[in-house]
Structure formats: C-alpha cells, structure tokens
Amino acid sequence: MSKYIIKKCPRLEGQVEISGAKNAVLPILAACILTEKECVINSVPPLADVFVMLEILKSLGAEVSYDQSAKKAKIKAERILRAKEEYDLAGKLRASFLIMGPLLARKGRAKIPLPGGCQIGTRPVDLHLKGFTELGAKTRQLHGFIEARCHKLTGEHIHLDFPSVGATENIMMAAVMAEGVTVIENAAVEPEIVDLAEFLNKMGAKISDYGTNTITIKGVKSLKGARHTVIPDRIEAGTFMAAAAITGSEITIKNADIDHLGAITAKLKEANVETEVINGGLKVYPKGELTAFDLKTMPYPGFPTDLQAVFMSLDAVAKGTGVITETVFENRFLQAGELNRMGADIKTDGRTAVVDGVKKLMGTQVKATDLRAGAALIVAALKAEGETEIGDIYHIERGYCSIVEKFKGLGAQIIRVEE
Ligand code: EPZ
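### Side note on the overall build of the protein chain
Scanning the protein chain from N- to C-terminus turns up 14 helices and 23 strands. Compactness check: the protein chain gives a C-alpha radius of gyration of 21 Å against a globular reference of 22 Å for 419 residues, within 12% of the reference. Along the longest, intermediate and shortest principal axes, the C-alpha atoms of the protein chain span 65 × 45 × 40 Å. Expressed as a percentage of the 419 residues in the protein chain, the buried residues total 56%. For the protein chain, contacts bridging at least 24 residues in sequence account for 72% of all contacts bridging at least 6.

Structure, rendered in structure tokens:
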C-alpha cells in the first residue's frame, strides 16, 4: 500500500491555492442528471470520490467528460438508461446516495445500494427517505438496496429532525420538479447547500431562502443545462491553516472563501494564531505560543466536524489542556489512538476527548483510519520529531487533491512512496 513519509518541518512558508470543495461538487454532479441538457462544471477537484461519482453518472447512461488539467467536467444526461446504481461503484462512495433524489425526480424510480456505515458512524439515511416519502414516493429496503418509486412527486412541508447536509441536498433535488411548493424546515445551512441551490437555480429551479433553516422550492416542469464554478473547499483551507498553526509559520491561503471560515479563524485566535485578509488571500501567522482551546463541533456556522481531527492535532501540542466534544458523528475520535502512538496525551470518553498538550510528538509509523483523521496525522507529523510514515493514505486522497505537492510547495518534506 502507498504511504507518506513526512519529516519534522521547522517552518512552512509561501502560499497554497485551495481547490474546489469535495462536499459541494459531489451533490452538484449528481444534480446534472436532472436535465437532458449539457452541464459544465468548473473547479472540479481531481479526487478519488469525484472520479467514482463521474463513473456512476456514466453507468446510468450520461455522457461524461472530465478535463483534469482544466478541472472542468461536462455532463449530458440526455438519456438515463437505468435507474439502478451498481453496487461495486456505489459501495466506494457514500455520497452516491445523493443520486436518489435526482433519479426520483427524473425517472420516478431509483434503486441505490444502502450506503454502509463507515469508520466515523453508522451514517443512516432515514431523513432522506422520510423526505422522499413525504413527497409521495414509496421506498423499501431489499437485499441491501433502497428502492424508491413514485407516479409523481408533490410538494410538501418537510421537517428534518436534524439539519442533515445530505438529506437537505437529496430532498431539494427531488423537489425541484415536484408539483407545487416544498418547504424544508430545519434544513442544513452549510455553504455546500448554498452552492448546490445556486446551481439548481441556474438550471431553472425556483429555490429561495437557501442558506437559512427554512428552504422553499417551487416545482418547475423541467430544468435546462447550466455552467457553474464550485466553491473553494473550506475544510482543505482549514487543514492548511492548522498546518501553519502547528509549525508556528506564516503562510497565505489563496482562493479560499473567507466568509466560510468564521468558526475556524475564531478558534485559531483562541489558540494564539492570527489571520488577516491581505491582497485577496488569507494570511495565517502565529501571535505567540500555541495555546490549548476547547472545541465543540456543530452544524454550520458552528465549528465543522470535518476539522475536529485536524484541530485535535493542534491541541495535542498546545500549552494547556483542551476539551473536544464531537456532537455530529458518534465515532469520530479514531485519530486519537494514532496521535497517542506519536506521544500525544489524549483521553476519549464517548463524544468527549480531553487533550493534555505535550512538549513533543515523536515520528513513528501510523495509519490513516478515515479521511480527516489522515489529515490530522499529516498536520501532527509536521511537528513530530524525526520522521513519520502514514499508511492507508487512500483515505486521505479521497478528499485532498495534490496534497503532497501543496505541502511541498510550502516547504514541507513529504514524499509519497508506492509499496
Ligand atoms: C456531509 O455528510 C459531508 N459529506 C460530511 O463530510 C460532513 O461531515 C457532514 O455532511 C456534516 O457536515 C458530504 O457532503 C459528501 P449529515 P452527511 O447528513 O450528509 C445523522 C468529509 O469528511 N443523520 O449532515 O452524511 C448522521 O448520522 C465528510 O468530507 C441521520 O441521523 O452528513 C450524522 O450523525 C464526512 N439520518 C449527522 O446526521 C440521516 O438520514 C450529520 O449527518 C442523515 C444523517
């Protein structure tokens, strides 16, 4: 298996360009099957998850092309020849479940493998199915697949028990051509929801108040093709900001959307790390010794769960003790065990972790257990004495493109070794 070998990094410097957001582009690509016309999506990051999603669209009958150097994808779903996702493809990508809403809206039927759980949680889809049922679909689970059928979808008032990002996206896509008005209450408000809604409206949908907890969707007869540029990845930006913080470096983040980073810059300020918007970039620089902070993950605009692991690495070497509470997923402290093998002092109990900052981390062999835990190990390895080997890096490369090149560009000593 491939691995990264990372040496202690005394200082990062220079600037890094943020790519398009994984969690925005995946629902946007799924939305392209809502129309027979061609959609052109820019700033599509060359990620493993993106390649799988494009393969899935192709397997349904869409014409798909992706210019990796231009980061441009063209999708034309003139004919959707089948409404069933192949298990071997869908099984590689949990977000493949986001095809269900568009398929129901376009074909009136869908058969999608029930997404399994993953390391961070059981990842249920009950809120997605509740929304589809309320819009008039019949759903059932059979032999590991979810089947959904409807004669037509009719707008409804839907309340989500939890502001689920995926459920909000799936229901929004199912509702855009439903008859009448759909209201989603307690909707997710993440920037990725806003980006999807803006793309759908460019296609001719009539979605209002997206980005608030109550989204209104007026059904239309059909959608047309559209061009769209995906928003920058706020989680990638936060990962590089944490790398600057842990090494006490000044770097500039280019192409990030500063408005999406409020919780991250506020937490870094608590840790004695300043940020400043300068010449269209975001400068990150230390104000003094890294100071421990408490952290509680919340739905947007709270602190993002996807940066909890990376910020745990900061607390692991900060002065003092930090208490981290993970409120979104039930099992998202897998990085703690690997960080402790590097000499960290982290005690976890359910959804709470107590992190006592240590003076030194020691480089050793560790493994990425999931996407964001893997990113946390890269950040920790920059600070650890000696050399750190990170295995199972396929987790990391699902969600971070050109991460070795980007860190090398900042002066880190990181190499990727094929084994
Ligand atoms: C999206 O996952 C992101 N993935 C996740 O990023 C992110 O962590 C998460 O939103 C929260 O921000 C993509 O966008 C592809 P949720 P999603 O539905 O939609 C429960 C990463 O690292 N829930 O908001 O699956 C669920 O169990 C990934 O990039 C239900 O109970 O997240 C969880 O506890 C990881 N029933 C909570 O809601 C449902 O039907 C949040 O899940 C759906 C969700």
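Having seen it, we continue.
### Things to note about the sheet that holds strand S6 (residues 109–113)
Overall, antiparallel pairing links the three strands, which are arranged S6-S8-S7 in an open sheet. Looking at strand neighbours, the two that pair on one side only are S6 and strand S7 (138–142), the edges of this open sheet. Neighbouring strand axes in the sheet, compared pairwise and without regard to direction, differ in orientation by 15° on average. Bridging between S7 and strand S8 (residues 145–149) involves five bridges; their strand directions are antiparallel.

### Section: the site of the ligand
Taken together, 20 residues are adjacent to the ligand, and Asp126, Leu127, Ser164, Asp306 and Val328 come closest. Within the backbone of Val165, a nitrogen or oxygen atom sits 2.8 Å from an oxygen atom of the ligand. Interatomic distance of 2.5 Å between a backbone N/O atom of Val328 and an oxygen atom of the ligand. Relative to its unbound accessible area of 820 Å², the ligand is 86% covered by the protein chains.

### Here we look at the domain arrangement of the protein chain
Here the protein chain is partitioned into domain 1 (2–18 + 232–418) and domain 2 (22–229). For domain 1 and domain 2, the distance between their C-alpha centres works out to 30 Å. Domain 1 puts 22 residues into the contact, and the matching count from domain 2 is 18 residues. Here domain 1 and domain 2 share an interface that buries about 1700 Å² over both sides, 57% of which is from carbon and sulfur atoms. Across the domain 1-domain 2 interface, the total number found is two salt bridges. With a shortest N-O distance of 2.8 Å, Glu192 and Arg234 are connected by a salt bridge. At the surface where domain 1 touches domain 2, the tally comes to five residue pairs in polar contact (both at pLDDT 80 or more). Where the side of domain 1 that touches domain 2 is concerned, the elements lending two or more residues are helix H12 (371–383) and helix H13 (394–397). Residue composition of the side of domain 1 that touches domain 2, by class: eight nonpolar, five polar and nine charged.

### Examining the layout of surface pockets
Looking at the second largest pocket, its volume works out to about 280 Å³. Together, 17 residues line the second largest pocket, and Glu289, Leu290, Val317, Ala318 and Lys319 are the ones closest to its centre. A per-element tally of the lining of the second largest pocket places helix H8 (residues 234–247) first, with three residues. Tallied by class, residues from the lining of the second largest pocket come to eight nonpolar, five polar and four charged.

### Things to note about the sheet that holds strand S2 (residues 13–17)
With mixed pairing, four strands are arranged side by side in an open sheet as S2-S14-S16-S15. Both outer strands of the open sheet, S2 and strand S15 (273–278), are each paired with one neighbouring strand and no more. On average, each strand axis in the sheet is tilted by 20° relative to the strand beside it, whichever way the strands run. Here S15 runs beside strand S16 (residues 281–286); their pairing, made up of six bridges, is antiparallel. Looking at the pairing, Thr275 lines up with Val284 of S16. Across the sheet, H8 touches S2, strand S14 (250–254), S15 and S16, and the angle it forms with S14 is around 170°. Most of the contacts of helix H9 (residues 262–270) go to S15, to which it runs at about 135°, and overall it touches S15 and S16.

### Looking at the nonpolar core
If you look at the biggest cluster of nonpolar residues, it comprises 79 residues, and the most contacted ones within it are Leu29, Ile41, Ile75, Ile99, Met172 and Leu200. For this core, the element with the highest residue contribution is helix H1 (residues 22–31), accounting for seven residues.

### Regarding empty space enclosed by the protein
The full count for this structure, using the stated rule, is one cavity of 30 Å³ or more. Roughly 30 Å³ of volume is contained in the largest cavity. Lining the largest cavity are Ser19, Gly20, Lys22, Pro45, Leu47, Asp233, Glu236, Gly399, Tyr400 and Cys401. Split into classes, the residues belonging to the lining of the largest cavity amount to four nonpolar, three polar and three charged. Domain assignment of the residues forming the lining of the largest cavity places at least three in each of domain 1 (2–18 + 232–418) and domain 2 (22–229).

### Some words on unusual backbone geometry
With an omega of 5°, the peptide bond between Tyr300 and Pro301 qualifies as cis. Locating Pro301 in the fold gives a position in the loop between strand S17 (295–297) and helix H10 (308–316). The backbone phi angle of Ser43 is positive, close to 65°, even though this residue is not glycine. For Ser43, the location among the structural elements is in the loop between strand S3 (38–42) and helix H2 (48–59).

### Topic: the packing of H10 against helix H11 (residues 334–341)
Viewed as axis vectors pointing N to C, H10 and H11 meet at an angle of 30°, and their least axial separation amounts to 10 Å. Our classification of the angle between H10 and H11 gives roughly parallel. When the axes of H10 and H11 are compared, the crossing they make is right-handed. Contacts between H10 and H11 pair Gln308, Ala309, Met312 and Ser313 from the former with Gln335, Ala336 and Leu339 from the latter. Grouping the constituent residues of the contact of H10 with H11 by class yields four nonpolar, three polar and no charged.

Parameters at a glance
- Residues numbered from 1 in each chain as written.
- Predicted model: local features only at pLDDT ≥ 70, side-chain atom pairs only at ≥ 80, totals over all residues.
- Heavy atoms only, no water.
- Helix = DSSP H or I, 4+ residues; strand = E, 2+ residues; numbered from the N terminus.
- Rg over C-alpha atoms; globule rule 2.2 N^0.38 Å.
- Buried < 20%, exposed > 50% of the residue type's maximum accessible area, 1.4 Å probe, protein only.
- Contact = heavy atoms within 4.5 Å.
- Pairing = 2+ DSSP bridges.
- Axes fitted to C-alpha atoms, helices over the stretch in contact; angles between N-to-C directions.
- Near = heavy atom within 4 Å.
- Polar contact = N/O pair within 3.5 Å; in protein donor to acceptor, adjacent residues only side chain to side chain.
- Areas by Shrake-Rupley, 256 points an atom, 1.4 Å probe, with all protein chains shown as cover.
- Domains from an automatic or database assignment.
- Buried area = accessible area lost by both parts, 1.4 Å probe.
- Salt bridge = Lys/Arg side-chain N within 4 Å of Asp/Glu carboxyl O.
- Nonpolar A, V, L, I, M, F, W, Y, C, P; charged D, E, K, R; others polar.
- 1 Å grid on protein atoms, 1.4 Å probe; cavity = no way out; pocket = protein on both sides within 12 Å on 5 of 7 lines; lining within 4 Å.
- Points joined across faces, edges and corners; volume = space filled by probe spheres on them.
- Core = buried A, V, L, I, M, F, W, Y, C linked by side-chain atoms within 4.5 Å.
- Parallel < 35°, antiparallel > 145°, perpendicular 65-115°, else oblique.
- Left-handed = near helix turned anticlockwise from the far one by under 90°.

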